[in-house]
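Observations on the three-dimensional arrangement
Listed here are the chains, written in short residue letters.
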Protein chains: 2
Amino acid sequence: MTDLERLIDQYCEGWSCPSPEAREALIRRSLTEDATYTDPRVDNLNVPGLLDHIARIQQSRPGAKVIRTSAVDSHHGLARFNWHVVLPDGTTLPEGIDVIELSADGARIRSIIGFFGPLRNRPAADA
Amino acid sequence: MTDLERLIDQYCEGWSCPSPEAREALIRRSLTEDATYTDPRVDNLNVPGLLDHIARIQQSRPGAKVIRTSAVDSHHGLARFNWHVVLPDGTTLPEGIDVIELSADGARIRSIIGFFGPLRNRPAADA
């Protein structure tokens, strides 16, 4: 695995970690202090806001894990990867994609944009 | 089609347009003045830089068109869509994805991040 893959997996582990202290350590180790997070449900969260958001999601689906499902594709300090949620009974939710921006040294994530589920096909009538 | 889909298709038409004047008009109508463009080949181009880049690409594959292939998925002033290049003989190149940020009024694109080809699967050994 590359350093970038390890960084992304550490971040996903933060989403998956049931201990609030260990989760915060993983997330803070993965993100810059001024990092931002946006997905379909939340807009432009800072790190404390993201930690609260993950805590709420973990309460709604205890034991769920976020697992990277694709290779990491990166260029110019940007990267994309797919991930899914695995529930404790092994059920997987539809894949999402995250697009991240890295810090100048590449060691941390400074912004995350997430989208949920696969991209739908373009309607034939519209092509 | 939604206004956002029309905006994105107008931008793709800019990539596909053989006339430099019409191309510039389409691209300028689609982007904010301070818009930036990054893909695996170029980093953080401004609008004139993007126009030069498109001109070079059109010289390398005359008659090629960039066509949106998916629905547009958007939230919080962000959007993603898939696209591919169609060569004059009908050959299609592998799908890429663009993630864009919109201007505050949603009428123009203010940043574009592109990735080429499908995301590869995560190697089994690494999971």
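As shown above, the structure is provided for reference.
Everything quoted here is computed from the prediction, not taken from an experiment. For every chain, the first residue of the written sequence is number 1, and numbering continues from 1 along that sequence. Chains carry letters from A onward and ligands carry numbers from 1 onward, assigned in written order. Confidence filtering applies because this is a predicted model: local features only for residues at pLDDT of at least 70, side-chain atom pairs given and counted only at 80 or more, and all residues used for totals across whole chains, interfaces and linings.

**A word on the pairing of strand β2 (residues 65-68) of chain A**
Residue and element names in this part refer to chain A.
- The side-chain alternation of β2 yields one buried face, formed by V66 and R68, and one unburied face, formed by K65 and I67.
- Here a strand pair is declared whenever DSSP counts at least two bridges between the two strands. Only DSSP runs of H or I covering at least 4 residues are called helices, and only runs of E covering at least 2 are called strands; the numbering of each starts at the N terminus. With four bridges connecting them, β2 and strand β4 (residues 78-86) associate as antiparallel partners. Bridge pairing in β4 places I67 opposite H84. Residues with at least 20 other C-beta atoms within 10 Å of their own are called buried, those with 12 or fewer are called exposed, and the rest are partly exposed. The C-beta atoms themselves are positioned from the backbone.

**Observations concerning the interface of chain A and chain B**
- C-beta atoms are placed from the backbone for every residue, and two residues are taken to be in contact when these atoms lie within 7 Å. Every contact between the two is made by 22 residues of chain A and, on the other side, 22 residues of chain B.
- Looking at the side of chain A that touches chain B, the elements that each hand over two or more residues are β3 (73-75), β4 and β6 (109-115) of chain A.
- Looking at the side of chain A that touches chain B element by element, the count peaks at three residues for β4 of chain A.
- Gly counts as polar in this scheme, as do all residues outside two lists: the nonpolar Ala, Val, Leu, Ile, Met, Phe, Trp, Tyr, Cys and Pro, and the charged Asp, Glu, Lys and Arg. Classifying every residue of the side of chain A that touches chain B gives eight nonpolar, seven polar and seven charged.

**With respect to unusual backbone geometry**
- Even without glycine at this site, N44 of chain A takes up a positive phi of about 55°.
- Along the chain, the position of N44 of chain A falls in the loop between β1 (31-38) and α3 (47-60).
- The backbone phi angle of H76 of chain B is positive, close to 50°, even though this residue is not glycine.
- Here H76 of chain B is to be found in the loop between β4 (73-75) and β5 (78-86).
- You can call H76 of chain B partly exposed: it has 15 C-beta atoms within 10 Å.

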